[in-house]
Amino acid sequence: MTKKERWGEKFIDNRDWAKTDKRLVKMGEYMLDLEFVDKWDKELAEMNLGKVGAPFKFPNSMIQLQAIWHAKGNPYRMIEGITIQLVEMSKLPDFNDHSTIDRRVNCMPTKIDPPQGKNLVIFSDGTSLQVVEGGEYLREKYGKKNRRWVQVVIWGDTVTKEPVSFEVNIIQSSEIASAKKQIEELLKKGVDIKAAGGDGAFDEIEFWNWLDWKGIYSLIKPDKNASEDTESVLRNLAVRWRNENGYNKWREKTGYGERWPATEGIFSAVKRMFGEQIHAKSEIGILQEAAVKFWAYKKLCQYGKA
């Protein structure tokens, strides 16, 4: 049996594993970090200030912790049981039942705080999460045979290797349309984007020109047979340079090689940590369960670095 030639260059892991280990252990500590209990009354007072109707009995910090427990695969009734045990251990003032947890988690904001810094280089890509128990509901509502998947489109940062934005859809939409919508939101929040790109699925003339119009440099992989004479000047230059110098040199020169850790690397980490299956049955629950996975991953990354 002949030995197969290795695909691509050998990966050299230059990470500082002492720091990496500490960060990963710290991320696990979040699961039982009850520091918010000291500010329980203050947080509730702020939440209920000017509120119409029944006041909140449980702070958002507690709901966020329970949302991450749920993202790890714990059903809401089990989360109620965990919370009861913490109350009995005198670690929490009170517990909420599974219905309250479900309702609060489904209403919880999952938007990621806009990234800081200047000249961000970001990449976009999409993935799917499998709807296990709500598949029949989706097929009945949307009338398609195998409607068992939820689409998630993200923008990831090449420096932090973390998502800076994401969107969840049940109806499979254009990745480019979702990516543009998210960039518009990031720009409105004052995020300074130097360059943005994606794989061959983003290689559309209109998208190249749209990024140029926004003052953002394009890092998009052109098609192998791409023409050097199109309505996008920047794409024409990129295609010509790649054809003359080869794909590998183009990738190194542009920084396109950073796409994988900023997209596929994030997808891989989220699915390893929280799984790629959605167990909710309602449309609200399906969308929120998918969103919480990516929100929770970002939350744990930030906590691990603290």
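Computed from a predicted model, the values in this text were never measured in an experiment. (Residues numbered from 1 in each chain as written. Predicted model: local features only at pLDDT ≥ 70, side-chain atom pairs only at ≥ 80, totals over all residues. Heavy atoms only, no water.)

A. Layout of the environment of Asp 102. Tracing the backbone through its elements, the reader meets Asp 102 in helix H5 (residues 98-107). Separated by 2.8 Å, the side chains of Asp 102 and Asn 106 make a polar contact. (Helix = DSSP H or I, 4+ residues; strand = E, 2+ residues; numbered from the N terminus. Polar contact = N/O pair within 3.5 Å; in protein donor to acceptor, adjacent residues only side chain to side chain.)

B. Inspection of the side chain of Thr 83 at higher detail. Here Thr 83 shows up in helix H4 (residues 76-88). You can call Thr 83 buried: its relative accessible area is 1%. Here the side chain of Thr 83 touches Ile 79 through a polar contact of 2.8 Å, landing on its backbone oxygen. If we skip the residues at most four places from it in the chain, Thr 83 touches Met 62, Gln 66, Trp 69, Leu 92, Asp 94, Phe 95 and Asn 96. (Buried < 20%, exposed > 50% of the residue type's maximum accessible area, 1.4 Å probe, protein only. Contact = heavy atoms within 4.5 Å.)

C. Here's a closer look at the side chain of Asn 169. As for its position among the elements, Asn 169 is in strand E3 (residues 163-169). Taking relative accessible area as the criterion, Asn 169 reaches 18% and is therefore assigned buried. Ignoring anything within four residues of it in the chain, the contact list for Asn 169 reads Val 150, Gln 151 and Leu 287.

D. Geometry of the pattern of salt bridges. What the rule picks out here adds up to eleven salt bridges. Residues Lys 26 and Glu 29 are paired through a salt bridge, measuring 3.4 Å at the closest nitrogen-oxygen approach. Note that Lys 26 and Glu 29 are positioned in helix H1 (residues 17-29) at a spacing of three residues, about one turn of the helix. The residue Lys 305 makes a salt bridge to Glu 162 at a minimum N-O spacing of 2.6 Å. Of the two residues, Lys 305 is situated in helix H13 (residues 283-305) and Glu 162 in the loop between strand E2 (149-157) and E3; the sequence distance between them amounts to 143 residues. On the basis of relative accessible area, Lys 305 is assigned to the partly exposed category, the value being 47%. With a relative accessible area of 5%, Glu 162 lands in the buried category. Each member of the salt-bridge network shares a partner with another, and the members are Glu 162, Lys 298 and Lys 305. (Salt bridge = Lys/Arg side-chain N within 4 Å of Asp/Glu carboxyl O.)

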